[in-house]
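The residues making up each chain are set out below.
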Amino acid sequence: MMKAVFLDCIDINRGDLSWEPVEDLCEFKWFLTSTKEEAENRLKDADAVFIDSFPIDRRIIESHPQLKYIGIAATGFNHIDLAAAAEFGVAVTNIPAYSTDAVAQHAIALLLQLTNHPGTYDDVDTTPLTLLTGKSLGIVGYGNIGRRIGEIAEALGMEVIPYRKDPERAIKADVLSLNCPLTEENRGMVNSEFISRMKDGAILINTARGALVDEQALADALKSGKVAAAGLDVLAKEPPDETCPLLGLDHCVITPHIAFTPRETRKLIIDLMAENLKSFQEGGRINRID
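To start, this report covers the structure provided alongside it. (Residues numbered from 1 in each chain as written. Predicted model: local features only at pLDDT ≥ 70, side-chain atom pairs only at ≥ 80, totals over all residues. Heavy atoms only, no water.)

## Structural notes on helix α5 (residues 100-116)
With 17 residues, α5 extends 24 Å between its outermost C-alpha atoms, agreeing within 8% with the 24 Å of an ideal straight helix rising 1.5 Å per residue. Within α5, 12 of the 17 residues are buried, leaving the element largely enclosed by the surrounding structure. Among all positions in α5, only Thr-100, Ala-102, Val-103, Ala-104, His-106, Ala-107, Ile-108, Leu-110, Leu-111, Gln-113, Leu-114 and Thr-115 are buried. Just past α5, the residue His-117 takes up positive phi, approximately 55°. (Helix = DSSP H or I, 4+ residues; strand = E, 2+ residues; numbered from the N terminus. Expected span 1.5 Å × (residues − 1). Buried < 20%, exposed > 50% of the residue type's maximum accessible area, 1.4 Å probe, protein only.)

Rendered as structure tokens:
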């Protein structure tokens, strides 16, 4: 039977969910986290590895020739050396679109916290409320999640402007939501020049990838008031260290990359992990990205 290991399942399953769908297919071991040294040992006789955000680089692939399958328990795959995987005949799968509703809900929750402050009015917060009806929402990355956010925003009475259809109008929106994958081309796209083109007093929401944003530029804009507020579920470095310029700023709400973590969503991840592995075992290509 195939031997499989999950190197970093801390955000997927800390023991509150059953691994049975995966365990039915392989000899399975799971670890909440793994250091590089621990990963080397844990991969010694593994035919398959599951990862969330643990990086699988060329060195790991080269030094474990028995490895035949990499299952990403997430959508993004920028932390996998796909060229090396293809060169060594290692299949790579991901889980697309599993978190659409969860991430969209979290993005709207961040927006409502910044405009309605439900979490702070218990402390007699005097920050004025903001009505979203009639406001505009620019969406950078109009895929499954971006469209779902747009649907919810429209139900709140907002005008939705996809960036890919009208970049200039989207960047001038009252609220700008980042929902695109991270690439080398868009890394740091929300920089000083980009922010200078945004509407004065706009709100920025980022539930995509932290590295889309130049964090110092955003911090400067928040301090000056150019950007009125920011709601961030992702940062360039996670967890952040004391050098992160966004920590402790007024009007900046940061959550620890949890948008995808409702129990229902995490159970779906496990089910889809099993479906992807079963397909691979049977010679199929469900959710193959290599």
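## A closer look at the layout of surface pockets
Its volume calculated, the largest pocket comes out at about 1600 Å³. Contributing to the lining of the largest pocket are 48 residues, with Ala-208, Arg-209, Val-234, Glu-238 and His-257 lying nearest its centre. Going through the elements one at a time, α5 and α6 (144-155) are the ones with two or more residues in the lining of the largest pocket. Sort the elements by how many residues they give to the lining of the largest pocket and α6 lands first, with 3 residues. In this structure, the second largest pocket spans a volume of roughly 440 Å³. Lining the second largest pocket are 23 residues, and of these Leu-114, Thr-115, His-117, Ala-229 and His-251 sit closest to its centre. Within the residue set of the lining of the second largest pocket, elements represented by two or more residues are α5, β9 (202-206), β10 (227-232) and β11 (252-254). Per-class residue counts for the lining of the second largest pocket are 10 nonpolar, 8 polar and 5 charged. (1 Å grid on protein atoms, 1.4 Å probe; cavity = no way out; pocket = protein on both sides within 12 Å on 5 of 7 lines; lining within 4 Å. Points joined across faces, edges and corners; volume = space filled by probe spheres on them. Nonpolar A, V, L, I, M, F, W, Y, C, P; charged D, E, K, R; others polar.)

## Observations regarding the packing of aromatic side chains
By the definition in use, this model includes 7 aromatic pairs. Where Trp-19 meets Trp-30, the ring centres are 6.1 Å apart and the plane angle is 40°; that geometry is what we call tilted. Here the residue Trp-19 occupies a position in the loop between β1 (3-6) and α1 (20-23), and Trp-30 occupies one in strand β2 (residues 27-30), the gap between them amounting to 11 residues. Relative accessible area serves as the criterion here: at 32%, Trp-30 is assigned to the partly exposed category. Judged by centre distance (6.0 Å) and plane angle (75°), the ring pair of Phe-50 and Tyr-69 falls under edge-to-face. With Phe-50 in strand β3 (residues 48-51) and Tyr-69 in strand β4 (residues 69-72), the pair connects residues that are 19 residues apart, well separated along the chain. Accessibility classification places Phe-50 together with Tyr-69 in one group, the buried group. Here the aromatic residues Phe-6, Trp-19, Phe-28, Trp-30, Phe-50, Tyr-69 and Phe-280 are joined through ring pairs into a cluster of three or more. (Phe/Tyr/Trp six-rings, centres within 6.5 Å; stacked < 30°, edge-to-face > 60°.)

## Looking at helix α9 (residues 215-224)
If you check which residues of α9 are buried, you get Glu-215, Ala-217, Leu-218, Ala-219, Ala-221 and Leu-222. Near the N-terminus of α9, the side chain that reaches the backbone nitrogen of Gln-216, with its oxygen 3.2 Å away, is that of Asp-214. Two residues or fewer after α9 comes Gly-225, characterised by a positive phi angle close to 90°. (Polar contact = N/O pair within 3.5 Å; in protein donor to acceptor, adjacent residues only side chain to side chain.)

## Section: the sheet that holds β10
Strand pairing in a sheet relies on backbone hydrogen bonds. The paired strands run either parallel or antiparallel. One open sheet accounts for 6 strands, arranged β7-β6-β8-β9-β10-β11; its pairing is parallel. In this open sheet, the two strands that pair with only one neighbour each are β7 (159-162) and β11. Across the sheet, the mean angle separating the axes of adjacent strands is 15° when strand polarity is ignored. Each of β8 (175-178), β9, β10 and β11 touches α5; the most contacted strand, β9, lies at about 150° to it. Sheet contacts for α6: β6 (136-140), β7 and β8; angle to β6, the most-contacted strand, approximately 175°. (Pairing = 2+ DSSP bridges. Axes fitted to C-alpha atoms, helices over the stretch in contact; angles between N-to-C directions. Contact = heavy atoms within 4.5 Å.)

## Some points on the side chain of Glu-215
Turning to its location among the elements, Glu-215 is positioned in helix α9. In this structure, Glu-215 is buried with no salt-bridge partner, the nearest side chain bearing the opposite charge being Lys-237 at 10 Å. (Lys, Arg positive; Asp, Glu negative; His and termini not counted. Salt bridge = Lys/Arg side-chain N within 4 Å of Asp/Glu carboxyl O.)

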